[in-house]
Amino acid sequence: MKENITLTAEQQALVEEHMQVVHWTIHHYIDINESVCGMGYDDLYQEGCEALCRAAASYDAQAGAQFATY
């Protein structure tokens, strides 16, 4: 079971600004196979968006790294 993540307005803005990274990653690094459960584009996109939200939730701007490289 996955845990609920609550994002602040700043974290939500980070996710919205970087949504294209999920699409780009799927098309450049993953072979989409609609006949395999969980490997269709929509499933992969959803997992990527959840990962992006987890990254935004744990990102610390004070650490000095840009979110895109984090």
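The written sequence of each chain sets the order in which its residues are numbered from 1. For a predicted model such as this one, the threshold for reporting local features is a pLDDT of at least 70, and the threshold for listing and counting side-chain atom pairs is 80 or more; totals across whole chains, interfaces and linings nevertheless cover every residue. Excluding hydrogens and water, the side-chain figures rest on all heavy atoms present in the structure.

Draft legend 1. Looking closely at the nonpolar core. The criterion is simple. A nonpolar core is a set of buried Ala, Val, Leu, Ile, Met, Phe, Trp, Tyr and Cys residues joined through side-chain atoms within 4.5 Å. Only protein chains enter the accessibility calculation, which uses a 1.4 Å probe. A residue is then buried if its area is under 20% of the maximum for its type, exposed if over 50%, and partly exposed in between. Core analysis: the biggest nonpolar cluster contains 11 residues, these being Leu7, Leu14, Val15, Val22, Ile26, Leu44, Cys49, Leu52, Ala56, Tyr59 and Phe67. If you list the elements that add at least two residues to this core, you get α1 (9–17), α2 (19–29) and α3 (41–58). At four residues, the largest contribution of residues to this core is made by α3. Sequence-distant contacts of Leu7, that is, excluding residues within four places in its chain, are made with Gln12, Val15, Cys53 and Ala57. Runs of H or I in DSSP of at least four residues are treated as helices and runs of E of at least two as strands, each being numbered from the N terminus. In this description, contact between two residues means that some pair of their heavy atoms is separated by no more than 4.5 Å.

Draft legend 2. Structural context of the packing of aromatic side chains. Two rings from Phe, Tyr or Trp (for Trp, the six-membered ring) form a pair when their centres are within 6.5 Å of each other. A pair whose planes differ by under 30 degrees is stacked, one over 60 is edge-to-face, and the rest are tilted. Per the counting criterion, the structure on display carries three aromatic pairs. Taken together, a centroid distance of 5.6 Å and an interplanar angle of 70° make the contact between Trp24 and Tyr29 edge-to-face. For Trp24, a relative accessible area of 42% corresponds to the partly exposed category. Residue class for Tyr29 comes out exposed when judged on its relative accessible area of 63%. For the ring pair Tyr41 and Tyr45, a centre distance of 5.7 Å and an interplane angle of 25° mean the geometry is stacked. Of this pair, Tyr41 and Tyr45 both sit in helix α3, separated by four residues, roughly a single helical turn. With a relative accessible area of 25%, Tyr45 lands in the partly exposed category.

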